[in-house]
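The primary structure of each chain is shown beneath.
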Amino acid sequence: MSINKENPKIDFVKNEHEILDYWAKENTFKKLVSKNQKGPKWSFLDGPITANNPMGVHHAWGRTLKDLYQRYKSMNGFQQRYQNGFDCQGLWVEIEVEKELGIKSKKEVEELGIEKFVNLCKERVEKFSEIQKNQSIRLGYWMDWENSYYTMSEENNYAIWAFLKKLFEDDKIYRGTDVVPWSGRSGTSYSQMEIIEGRKLTVHKGVFVKFAINERSNEHILIWTTTPWTLSSNIAVAVNRKINYAKVQIQDGTIFYVAETNLKYQRLNKEFSEKKNWVEGVPKLKTLDQIFKERGGYEVLEVLKGEDLVGLTYKGPFDHLEPQNTVGGFPIHDTSNLKKQSAVDCHIVIDGGKDSEGNDMVVEGEGTGFVHIAGGCGAIDNKICKKEGFVEISPIDNQANFIDGFDFMSGLSVTDPDTAQKIIDDLKDRNLLLYVEDYPHIYPHCWRSGDELVFKQVDEWYINMDWRKKIKAVVDDINWIPAWGKDREHDWLDNMGDWMISKKRFWGLALPIWTFEDGSFHVVGSKEELKELAVEGWEKFEGNSPHRPWVDYVKIKHPKTGLVGKRIKDVGNPWLDAGIVPFSTMKYFDDKSYWEEWFPADFITECFPGQFRNWFYSLLAMSSFLEGKSPFKTLLGHALVKDESGAEMHKSAGNAIWFDDAAEKMGVDVMRWMYSKQNVENNLLFGYDKADEVRKKLISLWNVYSFFCTYANLDNFKPHSHDISDKDLSLLDRWIISKSHQLTADAKLSYENFEVDKLLKNVESFLDDLSNWYIRRNRRRFWKSENDADKFVAYQTLYEVLLDLIKILSPIIPFVAERMYLNITKDDDNENNNSIHLSSFPQSNHSRIDNALIEKVDSLKRVIESGRAVRKKANIKVRQPLNSLKVYTANKEVKSFIQKQADIVIDELNIKEVVFSDNIDEFGKLFLKPNFKNLKMKFGDEMQEPMKSISTINAKTVLGNLLHGNSFPENSFELNKDDVLITLKAEKGSESFLAKDLIVCLDTTISEQLRLEGVLRDLIRQIQLMRKEANFNIDDRIIISGSFKNELKDVISENKDYFMNEVLCTDIVENMENSDYNASFMHNNEKIEIYIKKVERG
RNA sequence: GGGCUUAUAGCUCAGCUGGUUAGAGCGCAUCUCUGAUAAGGAUGAGGUCCGUGGUUCGAGUCCACGUAGGCCCA
């Protein structure tokens, strides 16, 4: 067998499919697992992907990182678990299933049947986990796909039960209340995000209501609200300490307090006049001034500060009802309310303080300057009540109807305008109402049902997080990449409240909490315990997963009191599901020795945003509670994927790119390169243009490879078939080998530090060296007809370098690397010919890194690059030959290096010769500059004097001594060569350059002969261009005719053979009929016409 | 309101503990190669390094204040 030729134009995508088939056929992954089965363990823990939709390109980033570090470790012989995880339970699945069913409310789910619904959720998860699996395989993600974990599995759910049981035994689980946005029709709560999506303009009744002050007769607080139903549950009134309040008396003698500026304030004036957020037909709002005047006029008796009102008590509008008088609140008795208050006891004027954005809670302008606080009916109200230790009243049920105890209101819907009207009528009857108006405003609505949202008190289950210190201690043991992750996690831990673990839904962890009629509850820690305590329904549960509705059938007997209780309806917070994974998947509860082998994980990687209070939090919380240590050692976080312009990808915006499309259009090797190259801290701007950029790098690698294959095939190259010694290696061979070993060393470091972006920067520059220097400068060694030792050395060198390079890259671009490997290693007995992924990561041999040589070649490259820059500055194109490059060096080795490489310089710079000079003066003027960095280190703040003394030192002497290896001239401050920097300025007509141990000078004067040579080459170039434009073949022969005069004519005739050979011309004629192509160009302000004609071959 | 963070070329980003002429890629312009060729290469234009003040021989870098974004918390 020999190495196959490869087409320079490769279809990367097609190759990926071929390699996938190959891996499947060869069972390559299984071979890898068994190869490393006795190796040291490296434990990677996969964060579960939500199996609810097809995988997105943002998932592919994380999965690429997960895969490539696992592949790197496997190349180093590590044994791994390769376990992928699917996140299965939670509201997001329910929402998608509801969409499929075309239903929108919890009620509809219940009508359908929870069992049916939950089974649909399971089916959805199964369907999408399968799809995600196949997409991951397409990405080249090597996992043990038959052994994935699912968070809906029994082992995962029961592991959480065991965890919650421990907490329960430690008295960390309690029942509390919360006030949440609620949709009556859907019968469910909403998150803040969902609220923002569902805001709509609506008209509500704004009511001005009197609250009589107890301490002062006939004096009232004036309240304004657009939710009259909440008045039923009023607890307190808030003022702003700092603003002015007017004491106003109206015609009938009644006295009101209102914010002074509000009297004449034109509410929603702008909205009304610009008809922005205004509803057609709603009249302009009246000022308080107007309202009072309509009631016979008014008088301001006094102006005082809000502070003076704090502490007053008042009579609420519904104090005659039972809920207002129930100690401990209504309907949920909060037994922790030590003050034994009822709502009436809480009717106090308080300071509103600041809201969540730091603004005053109570402001002038809006309303009356008094805010009615109903702790069971508003999120902010609830916080204030909790802070003040007040009770809460929650007047509504799940459908947002008034519950019993609220007189005529009971049973009415609070969002129904008729209900508002009935309440208004009642207030009017009892002379508590001053005024009613229509008030348009933007109000939250349910984004699914379109219903108005209300705020409802719910009872929820919490974990008391008073042991946060334990978690914080663990955070410091983790290697956070990027490092600021640690601070971010601490920040969250410092600020988090107790962990609310309940959610009133259907599909999720069944919280193992059973409640009893005496108000007690019991947490069940395992299936066995449940069976033991079960008194009813076990037979309906047995054989089913521990989910609703099956587990709900089981009633248990309280182990102490013997009371029979039911499970709460709630499901668990899905982060419990993901947080238990280091225990459930590593068999903590049933195979401790296995767990000890793999815990803690060495590495996890996830998308950073959000996870500090989600997955990372739940992992750390659960692990620090159970074991007191972190479940992972290193955490690599990465940012988000955005579209190419930096905008969020959205289905609706049309800028989303689907993984499947991207994979088949750009190819996954390109994608993986793109992900790997990205600095994980920055958002990745994903798109096809960026992919093209990356593809160029891949093509560059492919070109190197296909060049190698083309000639290796021709010459039937077999690796290691001849012995070669160091002496056989050319300078450039040794140079590229040095570079290659350096790259290998750097690559190892980058992988070990989880910084592959740095690796790819190194690779890209190495590829440039390999392609544009090593191969370009060595091409002739491969072309030449003799099959000599030098040719073999060239092959062997390129082979070794290429092999190491693709091995280094194989974790990142597994497909193309595999193809290259399989082809080039066919005849290499040292290599495992089955897969690059079964080979070992290359070893860097330090002794093969010749730093001095690297520096020399680098300076040679610099010489050439600066030569080009000089040409550009002098406006001399490369086509114009120049005379010489003059070199000064005292180092014999360097001198011989330059001499050996002279042809490179001559070729690249289009010069005639490289000459050597012994006179520094010929290169230009020298200057000495202080090396501040060194001087600072040496003299500290005392560097002024030594710095000045540098100007007294002779630069030429310094440089001369330096280049000849002599010591630095003596001076009073004991300065040495490291304390100065030497610069060089060349004479006119030349350009000089100072490299490490040599000086070069390019002569930019153009002699008449050189100029004419340039003229000829220009002409040749013109004709070559014409050949191309005429679409002639490279080997077509032509006849030329042209209006060549004067010097052009001379220069052609003087160099006739050369000229004709270059352009493959068989004859130059005076006149030509029927030319194939003609063109003209300007020379010395004269238009030159040229005609060419193809010679028919015969 | 509190915390964190960012601001550098048209765009996306580097710039280590302060140090010499602030870099890269893309884009743009010009040129170039034509035996790896639907590629490749070179050169160039383009920057008040957000602003103001301070520390220093020296500030993109450190400090203070401000401005504008982002994230988190409340």
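The structure we're discussing is the one just above.
Residues numbered from 1 in each chain as written. Chains lettered and ligands numbered in written order. Predicted model: local features only at pLDDT ≥ 70, side-chain atom pairs only at ≥ 80, totals over all residues. Heavy atoms only, no water.

Trainee: Residues and numbers for the sheet that holds strand S14 (residues 371-373), please.
Mentor: Spatially, S13-S8-S14 is the arrangement adopted by the three strands of the open sheet, whose pairing is mixed. Strand pairing shows two members of the sheet lacking a second neighbour, strand S13 (349-351) and S14, which therefore form its edges. Across the sheet, the mean angle from the axis of one strand to that of its neighbour is 40°, orientation sign disregarded. Sheet topology note: the strand S8 (residues 236-239)/S13 ladder contains three bridges and is parallel. Bridged to Val237 within S13 is Val349. Across the sheet, helix H12 (residues 379-388) touches S13 and S14, and the angle it forms with S14 is around 70°. (Pairing = 2+ DSSP bridges. Helix = DSSP H or I, 4+ residues; strand = E, 2+ residues; numbered from the N terminus. Axes fitted to C-alpha atoms, helices over the stretch in contact; angles between N-to-C directions. Contact = heavy atoms within 4.5 Å.)

Trainee: Go over the packing of aromatic side chains, please, and point to the residues and values.
Mentor: Counting across every chain of the model gives 64 aromatic pairs. Here Tyr158 and Trp161 contribute two aromatic rings whose centre-to-centre distance is 5.1 Å and whose plane-to-plane angle is 85°, an arrangement assigned as edge-to-face. With a gap of three residues between them, Tyr158 and Trp161 both fall in helix H7 (residues 154-169), about one helical turn apart. These aromatic residues form a ring-pair network of at least three members: Trp42, Phe44, Tyr69, Tyr72, Phe603, Tyr751, Phe754 and Phe841. (Phe/Tyr/Trp six-rings, centres within 6.5 Å; stacked < 30°, edge-to-face > 60°.)

Trainee: Which residues make up the environment of Glu392, and what values go with them?
Mentor: Within the secondary structure layout, Glu392 lies in the loop between H12 and helix H13 (417-429). Considering only alpha carbons, one finds Glu392 and Trp142, 250 residues apart in sequence, at a separation of 55 Å. Those residues in contact with Glu392 that lie beyond four places of it in its chain are Thr177, Ile235, Gly329, Phe330, Gly375, Gly376, Asn382, Lys386 and Gln457. Engagement of the side chain of Glu392 in a polar contact is seen with the side chain of Thr177, the distance being 3.4 Å. A polar contact is formed between the side chain of Glu392 and the side chain of Asn382, at a distance of 3.2 Å. (Polar contact = N/O pair within 3.5 Å; in protein donor to acceptor, adjacent residues only side chain to side chain.)

Trainee: Describe the nonpolar core, and please don't skip the residues or the numbers.
Mentor: Judged by nonpolar contacts, the single largest core of 210 residues is most densely connected at Phe686 and Phe708. When residues of this core are assigned to their parent elements, the largest contribution, 13 residues, is made by helix H27 (residues 789-809). Residues Ile223, Ala259, Ile393 and Met409 belong to the second largest nonpolar core, which totals 56 residues. (Core = buried A, V, L, I, M, F, W, Y, C linked by side-chain atoms within 4.5 Å. Buried < 20%, exposed > 50% of the residue type's maximum accessible area, 1.4 Å probe, protein only.)

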